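Read off the chains here:
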Amino acid sequence: MQTEIGRKIKIAFVDDSLLQRTLMKIAVVNHEAFDLSFNCSNGLELLKELERTADLPDVCLADLHMPIMNGHEAALHIRDKYPSIKLFGYTTTDNVLELERFKANGALFIFDKTNPRMTLEEIKFWFNDDI
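So, how was this worked out
Residues numbered from 1 in each chain as written. Predicted model: local features only at pLDDT ≥ 70, side-chain atom pairs only at ≥ 80, totals over all residues. Heavy atoms only, no water. Helix = DSSP H or I, 4+ residues; strand = E, 2+ residues; numbered from the N terminus. Contact = heavy atoms within 4.5 Å. Areas by Shrake-Rupley, 256 points an atom, 1.4 Å probe, with all protein chains shown as cover. Lys, Arg positive; Asp, Glu negative; His and termini not counted. Charge placed at Lys NZ, Arg CZ, Asp CG, Glu CD. Polar contact = N/O pair within 3.5 Å; in protein donor to acceptor, adjacent residues only side chain to side chain. Pairing = 2+ DSSP bridges. Axes fitted to C-alpha atoms, helices over the stretch in contact; angles between N-to-C directions. Salt bridge = Lys/Arg side-chain N within 4 Å of Asp/Glu carboxyl O. Buried < 20%, exposed > 50% of the residue type's maximum accessible area, 1.4 Å probe, protein only. Phe/Tyr/Trp six-rings, centres within 6.5 Å; stacked < 30°, edge-to-face > 60°.

Q: Sorry if this is basic, but what is going on with the overall build of the protein chain here?
A: When you go through the protein chain residue by residue, the secondary structure sums to five helices and five strands. Put simply, the protein chain runs from its N terminus to its C terminus through helices and strands in the order β-α-β-α-β-α-β-α-β-α. Look at the contacts in the protein chain between residues 6 or more apart in sequence, and 69% of them connect residues 24 or more apart. For the protein chain, the accessible area works out to roughly 6,800 Å², and carbon and sulfur atoms hold 53% of it. When the 15 basic and 21 acidic side-chain charges of the protein chain are each reduced to a single mean position, those positions are 4 Å apart.

Q: Would you mind showing me how to read helix α4 (residues 96–104) here?
A: N-capping of α4 is provided by N95, with a side-chain oxygen placed 3.0 Å from the backbone N of L97. Looking one or two places after α4, you find G106, whose phi comes out positive at around 130°.

Q: Please clarify how the sheet that holds strand β1 (residues 9–14) should be interpreted in this entry.
A: In a beta sheet, neighbouring strands are held together by backbone hydrogen bonds and run either parallel or antiparallel to one another. Strand order in the open sheet made by the five strands is β2-β1-β3-β4-β5, with parallel pairing throughout. Each end of this open sheet is capped by a strand with a single partner; those strands are β2 (34–40) and β5 (110–112). Between one strand axis and the next, the sheet turns by 25° as a mean value, whatever way the strands run. Note: strand β3 (residues 59–63) against strand β4 (residues 86–91), five bridges, orientation parallel. If you follow L61 over to β4, its bridge partner there is F88.

Q: Help me out: how do you make sense of the pattern of salt bridges in this one?
A: Close approach of charged atoms allows side chains of opposite charge to pair. Tallying each qualifying case throughout the model produces nine salt bridges. Of the charged contacts, one joins D55 and K10 as a salt bridge, the two residues approaching to 2.6 Å between their closest N and O atoms. Pair noted here: D55 is in the loop between α2 (43–52) and β3 and K10 is in strand β1, with a separation of 45 residues, a long-range link. Since its relative accessible area comes to 46%, D55 is described here as partly exposed.

Q: Explanation requested: the side chain of Q20 in the structure shown.
A: Tracing the sequence through the fold places Q20 in helix α1 (residues 18–29). Q20 has contacts with F13, D15, Y90 and K113, leaving out every residue within four places of it along the chain.

Q: Is there a simple way to explain the packing of aromatic side chains in this structure?
A: Two aromatic rings, taken as a pair, are described by how far apart their centres are and by the angle between their planes. A full pass over the atoms with the stated rule returns five aromatic pairs. With a centroid separation of 5.4 Å and an interplanar angle of 75°, the aromatic rings of F13 and Y90 are classed as edge-to-face. In this pair, F13 sits in strand β1 while Y90 sits in strand β4, placing the two residues 77 residues apart along the sequence. Cluster of aromatic residues (ring-pair linked, three or more members): F88, F109, F111 and W126.

Q: What's the story with unusual backbone geometry in this structure? I'm lost.
A: Among all residues save glycine, negative phi is the norm, and among peptide bonds the norm is trans. With a phi angle near 70°, I68 is a residue other than glycine that sits in the positive phi range. Tracing the sequence through the fold places I68 in the loop between β3 and α3 (71–81). Using a relative accessible area of 66% as the deciding quantity, one classes I68 as exposed.

Honestly, that's just the spatial picture; any functional story needs more than this.
Below, the structure written as structure tokens:
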């Protein structure tokens, strides 16, 4: 299955946890609507990848708490330099102030890390709704 625009949604995933990166990679590979553009361990690594590519991802799913460059900082850079990328958060935090700050910095929605497959389904919905 492909999106309404006739191609797969290119997604960049950013999380310092190797386990989370592996789980999301498996979920993306097994989802007919997505292609994994990047699977990065922090925001700085993602920004370097974005600078090197001419084929930007459609979506970025970023963890909030990461070393080197966290989700807050990465969100600001993506919002300002790559406004075509739809940014979503992916975290276990329930700190309302942090979540609000993440959204203020550019995250459209923030998902809990409990179900990668469901997260992809929700992102597909948001993407196809052309927010």
